Each structure stands twice: as C-alpha cells, then as structure tokens.
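# Reading the structure
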Amino acid sequence: PPIFLLNGWNEVPVAGAEAADEALRELDRSFPAAIVIVATRKHSVVPQLRGSFRLELSPLRRPQRDEYLRLALGESAHELRIKLNTSRVLDSITRTPLFLAEVADLYRSGKDIPATKMGVLGAVMDAIEQSPEHRTSLRQGPLRGHAGEYLRSISMEMTGRGETAIAEADARSTVSAVGERLLAAKQIAEMSDAGDILDELAKRHVLVRAEDGEVSFRFQHQQFQEFFAAGALGARLADLVRRQDPREDREFLVHYVNEPRWGESLRLFAEDIGASPGEKMIVEVGAKLVRMALDVDPIFAAELARWCGQSVWSEVREDVGGRLRAWYDVPDGRHKQCALAAMLATGSD
C-alpha cells in the first residue's frame, strides 16, 4: 500500500494545530488502505489516526555509530571512535544523529570537540562565523558582528509563542527592536534595514527563509533555535543574580521555568553549567535556576541539579533534599512515587 510519511508534527504552530489535525484525519479518511507515519518529538497534541500505535526511535547503538564514523571518516575514524566510547557525555550526546554528524564535521576540520550539546552547537556556530565565505560578511553591514544577538531574540520570540517559525513582519519587528537596543548602547552607529538583516542571516547563518503563501523564517534545526534561546535565558539569569530583585525573579519563574516550552533550552544551559570550571558566578546562576524550579516542579529541579553538576549540587543539596524528603512523607503512594522519581533524578548518592 502507499505510505505517507509526515515529518515534524511538533513544528506545527500552536495556532495551526487544529487545522493540521483536521488535515491529517482527512488524509486518513481519503486513503483508508494507506499507511500514515507521523514523525515527531513528544508533543502535547497527539496525532489522531484510526488504529494507530506509537513507536519510539531508539538512540544509535555503538555498532551503528561506529559504522557511520567509518563511512564518514574512513581510516581516521578510529581515534574519534575511542574518544566517544571513553567519554560518558560524548557517548550520550552522539547517540543522536544530528550531534554525531556535527561532531564528525568538527573532527574532520581538526577542531576540539566540546563535551556538551551546547558546546557542540556553539562550535558549529563558530565554524559558520569563522568560515572564509562568511566571516567578512558577518562582520560588515548590516550585521556588524551582532548576528548572535539577532538570532537569540528571534529564537526567544519563536519559543515564547510555542512555534518553530516566525512570519516576516514579526521577524522584522524583532530584529528592529534588537537594532534599537544596540544603537542605544552605542554598539552600532546607525540602524540597518530589518529586511537586509534577515536576508543576510538567511544567506550566511542558520536561519532559513520559507515561502508558503507568506514569507516566514525558521532555524535549520529546532536544536539551533533551542541553543540560541538557552544563551538568552542564561544571560537573563546572570542579570537576576546581579540585581537580586524578587519581583524580577518571580517574573522569570512564571514566564520561563514554569513553561514546558522552555524546558529543553534550560536543560541545555544547565548541562553547560555542569561542564564549566565552577566559577562563583556560574555556580550562583545554576543554584538560582534549581531553586526556582523547586518551587514549581521538584522533579524538573532535581534533573536540573544533576545537569548543573557537583558544584551547584553542593549549594542546593540541603534545599532539594529537604523538599524531596518532605514530599516523600506525604501519606499518599502517588506522591511517594513522584518524590522517589525526583530523588533518583538528582543522581546523588
């Protein structure tokens, strides 16, 4: 029978979820003998198909990863294979094909391979920005070396809406606001046209221009969107640590920590903290993030504590441990199970 493969269900905008669901059911009705496969991350809106069942793609096994490296790198794959097999972090992240491909590219170009997803994605950004065909253009107008600021703001706007694409008009407004901030901070001498900035980002960086009735922009991969959002969230958390303003802390908790759409970016950021040398400021930022999460979701807080590493855990262990033990003491088996899940999620003995 014919097979329809529909990729990226999770990238359907929130506003279009109902229309997408109806279109999917219409497809199912129109081709009753066909097989319909919907590829997606886990998503709150589950595709509705008659007689459907769910399969989860397993991470790559070591033999599969080794075979990819052999095909991609030939004889030189041996050294990288040993590096991946002996590093717990690299072994974990390269079970995902996207990160394995990027790590292989970094190895092929002779660059150091970071030990976190954030680090790998950052190295990919550096490779783009330092490449001979892009370096000069990214430093000159209209971007003038501020591509990262524009991309971070675009990613925050998209993620805040729960979407993976942004209409051209909204993208223009977003980059114009960034330009105004840079001008006020005297980082640029004059404003550039928003359309020129977007065109340059699409030509030279990881932003993709799409035309489907109207012009819109998205990132080449959703992980790039989450990477730039993670950087922006990290900068905001650092500001919160410096300002010590309870009202601003509360706003961050409500808008970001308590919204699942920011979860992956916060995980990326926490993992990067865990791989850092443990500087005082970074540890304070990680501890603030964990304590915020503890107020809304102790299991998520426990996961963040593990990703943030031992230095942050030393700061928050009393707060987290006390809360989880109190939760476990609630005389309800379901609460005890959740508390136990959180205890295990900390990774602490």
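Please read these numbers as outputs of a predicted model, since none were measured by experiment.

## A closer look at the layout of surface pockets
Estimated volume of the second largest pocket: approximately 430 Å³. What lines the second largest pocket is a set of 19 residues, and nearest its centre among them are Glu149, Arg152, Ser153, Arg181 and Arg236. Counting residues per element, the ones that place at least two in the lining of the second largest pocket are α8 (147-160), α9 (168-184) and α11 (222-243). For the lining of the second largest pocket, the element with the most residues is α8, which contributes six residues. Along the lines of polarity and charge, the residues of the lining of the second largest pocket split into seven nonpolar, six polar and six charged.

## Focus: the sheet that holds strand β4 (residues 207-212)
Spatially, β3-β5-β4 is the arrangement adopted by the three strands of the open sheet, whose pairing is antiparallel. The open sheet has two free edges, formed respectively by β3 (166-167) and β4, since each of these has just one partner strand. Where β3 lies against strand β5 (residues 214-219), two bridges are found, and the strand directions are antiparallel. In the strand pairing of β5, Ile166 is matched with Phe217. Packed on one face of the sheet, α8 meets β3, β4 and β5 and runs near 105 degrees to β5.

## Concerning unusual backbone geometry
With an omega of 5 degrees, the peptide bond between Gly141 and Pro142 qualifies as cis. One non-glycine residue, Arg144, adopts positive backbone phi at about 50 degrees. Relative to the helices and strands, Arg144 is located in the loop between α7 (135-139) and α8.

## Structural notes on the pattern of salt bridges
It is possible for side chains bearing opposite charge to pair when their charged atoms get close. Counted under the stated rule, the structure contains 28 salt bridges. In this structure, Asp21 engages Arg25 in a salt bridge whose closest nitrogen and oxygen atoms are separated by 3.1 Å. In this pair, Asp21 and Arg25 both sit in helix α1 (residues 17-30), four residues apart, roughly one turn of the helix. Of the residues examined, Arg25 reaches a relative accessible area of 29% and is grouped as partly exposed. For the salt bridge of Glu251 with Arg247, the shortest nitrogen-to-oxygen distance reads 3.0 Å. Residue Glu251 and its partner Arg247 are both found in helix α12 (residues 246-257); the two are separated by four residues, about one turn of the helix.

## Digging into a nonpolar patch on the surface
Together, Ile3, Leu5, Ile35 and Ile37 make up a nonpolar patch on the protein surface, roughly 380 Å² of accessible area in all. Mapped by element, the contributors of at least two residues to the nonpolar patch are β1 (3-7) and β2 (35-39). Relative to the assigned elements, Ile3 resides in strand β1.

The rules behind each value
- Residues numbered from 1 in each chain as written.
- Predicted model: local features only at pLDDT ≥ 70, side-chain atom pairs only at ≥ 80, totals over all residues.
- Heavy atoms only, no water.
- 1 Å grid on protein atoms, 1.4 Å probe; cavity = no way out; pocket = protein on both sides within 12 Å on 5 of 7 lines; lining within 4 Å.
- Points joined across faces, edges and corners; volume = space filled by probe spheres on them.
- Helix = DSSP H or I, 4+ residues; strand = E, 2+ residues; numbered from the N terminus.
- Nonpolar A, V, L, I, M, F, W, Y, C, P; charged D, E, K, R; others polar.
- Pairing = 2+ DSSP bridges.
- Contact = heavy atoms within 4.5 Å.
- Axes fitted to C-alpha atoms, helices over the stretch in contact; angles between N-to-C directions.
- Salt bridge = Lys/Arg side-chain N within 4 Å of Asp/Glu carboxyl O.
- Buried < 20%, exposed > 50% of the residue type's maximum accessible area, 1.4 Å probe, protein only.
- Patch = residues over 30% accessible without salt bridge, like charges linked within 9 Å, V, L, I, M, F, W, Y side chains within 5 Å.
- Areas by Shrake-Rupley, 256 points an atom, 1.4 Å probe, with all protein chains shown as cover.

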